[in-house]
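Listed below are the residues making up each chain.
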Amino acid sequence: MTDNNDNLKRFGQFKLVLLGDSAVGKSSIVTRFVKNSFDEYRESTIGAAFITKTLDLDSLTVVKFEIWDTAGQERYKSLAPMYYRNAQVALVVFDLTDLESFKKSQKWIEELKIQGGDDLIIKLVGNKLDLQDDVKFNIIDDDIVNEYLSILENNSKNSNKNIDGTSMKVEYIKTSAKSGENISKLFQLIAEDLPVEKFKVQTDEYSSTREGIINLNQLKNNYNSSSCNC
Ligand SMILES: Nc1nc2c(ncn2[C@@H]2O[C@H](COP(=O)(O)OP(=O)(O)OP(=O)(O)O)[C@@H](O)[C@H]2O)c(=O)[nH]1
Ligand SMILES: [Mg+2]
């Protein structure tokens, strides 16, 4: 981000939605990211939950995520478009030990490619990485996912939506909400993809939202959030 306003702080606000089967760990990823905690016995989300998180990407760039954590249970599926509509980022989560959840994540990606915004940033997240050390839980390995992603990329090159011939790239990352592995890396990857033009130079109005901002690198020690169950 370099222009005449080089020394001024920039602020960007982005809507992020989590989608995926029930019990894959969507809420746990959010909780690890926002509060740096984990709950073994978390209750299934009803409808959706909203939470915000503001962080310093670097000394000059601040980002506020408005996070919609949707419910994965089938009966809430019809609500999802309400949450991914106008989202800039979608995290499609599956459980690395559950093949059905991986198949579901493919359906979500198909739906997002048709119904989501043209500039939607999609990350495919394989969660519960901590369980993969155990052979009996090592169900979905990298080869399976990479094969799917290369088919996806080829298909999108040929689709009508990308008339310029470029493909809609879906980046894959494995996480563990339980151990925290790769959770901050996931959000770092998202931050790197956010469109520069959506960041505004700091204003007085923005200054009032700065309270409690944390640095991504200090994730382990701090959190700043507000939430409601909707
Ligand atoms: N071992 C392990 N368990 C996890 C991990 N993430 C979540 N869990 C557990 O998986 C269960 C479901 O987690 P949730 O975060 O509620 O899943 P969800 O995707 O939000 O589910 P819905 O709200 O029903 O859509 C909980 O018992 C969590 O403790 C992880 O990374 N590793
Ligand atoms: Mg949940």
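The structure under discussion appears in the preceding block.
Residues numbered from 1 in each chain as written. Chains lettered and ligands numbered in written order. Predicted model: local features only at pLDDT ≥ 70, side-chain atom pairs only at ≥ 80, totals over all residues.

A. Inspection of the nonpolar core at higher detail. Membership of the largest hydrophobic core comes to 45 residues, with the highest contact counts inside it found for Val17, Leu19, Tyr84, Ala90, Leu91, Val92 and Val93. Per-element accounting of this core gives the leading share, 6 residues, to strand β4 (residues 89-95). In this structure, Leu19 is in contact with Thr70, Ala80, Tyr84, Ala90, Val92 and Trp108, ignoring residues within four places of it in sequence. (Core = buried A, V, L, I, M, F, W, Y, C linked by C-beta atoms within 7 Å. Buried ≥ 20, exposed ≤ 12 C-beta atoms within 10 Å, placed from the backbone. Helix = DSSP H or I, 4+ residues; strand = E, 2+ residues; numbered from the N terminus. Contact = placed C-beta atoms within 7 Å.)

B. Looking closely at the site of ligand 1. Among the 24 residues in the neighbourhood of ligand 1, the closest are listed as Gly25, Ser28, Ser44, Thr45 and Gly72. Residue contributions to the shell around ligand 1 peak at 3 residues, all from helix α1 (residues 26-35). (Near = placed C-beta within 6 Å.)

C. Looking closely at helix α3 (residues 99-115). Taking 1.5 Å of rise per residue, the 17 residues of α3 would be expected to cover 24 Å, and the 24 Å separating its terminal C-alpha atoms lies within 8% of that figure. Of all the residues in α3, the buried ones are Ser101, Phe102, Lys104, Ser105, Trp108, Ile109 and Leu112. The arc that holds the buried residues of α3, viewed along the axis, is 155°, so those residues lie on one side. Along α3, exposed side chains directed more than 90 degrees from the buried face belong to Glu100, Lys103, Glu110 and Ile114. (Expected span 1.5 Å × (residues − 1). Arc of directions from axis to C-beta.)

D. Region of the structure containing unusual backbone geometry. The phi dihedral of Ala23 falls on the positive side, at around 75°, and the residue is not glycine. Under the C-beta neighbour-count criterion, Ala23 is labelled partly exposed, with 16 such atoms within 10 Å. A positive phi angle, near 65°, is found at Asn182, a position not held by glycine. For Asn182, the position within the fold is in the loop between β6 (171-174) and α5 (183-193).

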